[in-house]
Amino acid sequence: MTEDTIFHKILRQEIPCEEVYSDELCLAFRDIEPQAPCHILIIPRKTIPSLNEVIKEDSNLLGHLLFIGAKIANEEGLKSWRTIINTGEESGQTVFQLHVHVIGGRKLKWPPG
Ligand code: 5GP
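Small disclaimer: the values here were computed from a predicted structure and weren't measured. Sequence order as written defines residue numbering, which begins from 1 separately in each chain. This being a predicted model, a pLDDT of at least 70 is required before a residue's local features are given, and a value of 80 or more before pairs of side-chain atoms are given or counted; all residues contribute to the totals for chains, interfaces and linings. Side-chain calculation: all heavy atoms of the structure are included, whereas hydrogens and water are not.

## Section: the sheet that holds strand β2 (residues 26-30)
Working step 1: Strands were regarded as paired on the criterion that DSSP finds at least two bridges between them. Helix and strand definitions here come from DSSP, where helices need a minimum of 4 consecutive H or I residues and strands a minimum of 2 consecutive E residues; each element is numbered from the N-terminal end. Pairing is antiparallel across the open sheet formed by five strands, whose spatial order is β1-β2-β3-β5-β4. The open sheet has two free edges, formed respectively by β1 (19-22) and β4 (81-84), since each of these has just one partner strand. Strand-to-strand twist in this sheet, taken as the mean axis angle between neighbours without regard to direction, amounts to 15°.
Working step 2: Here β4 runs beside strand β5 (residues 100-104); their pairing, made up of four bridges, is antiparallel. Paired with tryptophan 81 across the strands is glycine 104, a residue of β5.
Working step 3: Note on contacts: a residue pair is in contact if any heavy atoms of the two residues lie within 4.5 Å. Comment: axis = line fitted to C-alpha atoms, over the contacting stretch for helices; angle = value between 0 and 180 degrees taken between N-to-C directions. Helix α2 (residues 59-75) contacts β1, β2, β3 (38-44), β4 and β5 of the sheet and is inclined by roughly 155° relative to β3.

## A word on the site of the ligand
Working step 1: Throughout this document, a residue counts as near a molecule or strand when at least one of its heavy atoms sits within 4 Å of that molecule or strand. The ligand sits among 17 residues. The nearest are Asp31, Asn86, Gly92, Thr94 and His101.
Working step 2: Polar contacts, as used here, are pairs of N or O atoms within 3.5 Å; protein pairs need one atom able to donate a hydrogen and one able to accept it. Residues neighboring in sequence count only if both atoms are side-chain atoms. In the model, an oxygen atom of the ligand is placed 2.7 Å from a nitrogen or oxygen of the threonine 94 main chain.
Working step 3: Note that accessible areas follow from Shrake-Rupley with a 1.4 Å probe, and for residues the cover is restricted to the protein chains shown. Relative to its unbound accessible surface of 520 Å², the ligand loses 83% to contact with the protein.
Working step 4: Within this scheme a cavity is a closed region of a 1 Å grid, computed over the protein atoms alone, that accommodates a 1.4 Å probe without allowing it to escape, whereas a pocket is open but has protein on both sides within 12 Å along at least five of seven lines; lining residues each have an atom within 4 Å of a point. Any molecule with more than half of its atoms within 2 Å of a cavity's or pocket's grid points is regarded as sitting in that cavity or pocket. In this structure, the ligand is accommodated by the largest pocket.
Working step 5: Mapped onto the shell around the ligand, the elements with two or more residues apiece are α1 (6-11), β2 and β3.
Working step 6: Among the elements that make up the shell around the ligand, the one with the highest residue count is α1 (three residues).
Working step 7: Residue composition of the shell around the ligand, by class: seven nonpolar, seven polar and three charged. Residue type decides the class: Asp, Glu, Lys and Arg count as charged, Ala, Val, Leu, Ile, Met, Phe, Trp, Tyr, Cys and Pro as nonpolar, and the leftover types, Gly among them, as polar.

## A short note on the layout of surface pockets
Working step 1: The space that makes up the largest pocket amounts to roughly 850 Å³.
Working step 2: Together, 35 residues line the largest pocket, and Asp31, Glu33, Gln35, His39 and His101 are the ones closest to its centre.
Working step 3: Of all elements in the fold, only α1, β2, β3, β4 and β5 reach the threshold of two or more residues within the lining of the largest pocket.
Working step 4: Its residues assigned to classes, the lining of the largest pocket shows 18 nonpolar, 10 polar and seven charged. Grid points are joined across faces, edges and corners, and a volume is the space filled by probe spheres set on the points.

## As for the pattern of salt bridges
Once the charged atoms of two side chains with opposite charge are near each other, the side chains can pair.
Working step 1: The rule for a salt bridge is simple: a side-chain nitrogen of Lys or Arg has to be within 4 Å of a carboxyl oxygen of Asp or Glu. Under the criterion given, the structure shown has seven salt bridges.
Working step 2: Here arginine 12 ties to aspartate 4 by a salt bridge, and the two come within 2.9 Å at their closest N and O atoms.
Working step 3: Look at aspartate 4 and you get partly exposed, because its relative accessible area is 34%.
Working step 4: Glutamate 18 is the salt-bridge partner of arginine 30, the closest N and O atoms lying 3.3 Å from each other. Placement of arginine 30 in strand β2 and of glutamate 18 in the loop between α1 and β1 is noted, with a sequence separation of 12 residues between them.
Working step 5: Here the term buried applies to any residue with accessible area under 20% of the maximum for its type, exposed to any over 50%, and partly exposed to those in between, with areas from a 1.4 Å probe on protein chains only. Taking relative accessible area as the criterion, glutamate 18 reaches 51% and is therefore assigned exposed.
Working step 6: Several salt bridges share partner residues, and in doing so they unite Asp4, Lys9, Arg12 and Glu14 into one network.

Such coordinate-based values are descriptive only and should not be taken to indicate function.
Quick look at the structure:
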């Protein structure tokens, strides 16, 4: 695992993103390959590869990411939506900087694959 993922490049503004929210703790931007009409990623500014690496001190940050997810969903006009955090390769995680997917704008199936 590297600490220099594509999301770190986005955080350093080395590659562009379609930003929807930013603060001192996190950045949110639209997914480059949206799986629904609304598909936004929220990433911490702190390097955390995945939920496998979180420590107790990250608790407030993790709560903040979900709070911002709810704020964004509300601003996007979503009434039903889903948050997803893939953890580890077999879950489908492809970028090893923690990120919360906010997905909505269409009927979502359950269970996910
Ligand atoms: P994962 O599969 O790791 O849970 O999610 C990674 C997500 O990042 C995917 O939905 C993928 O489309 C998105 N993604 C990968 N590279 C880029 C990029 O350069 N820009 C943006 N905006 N999204 C990206």
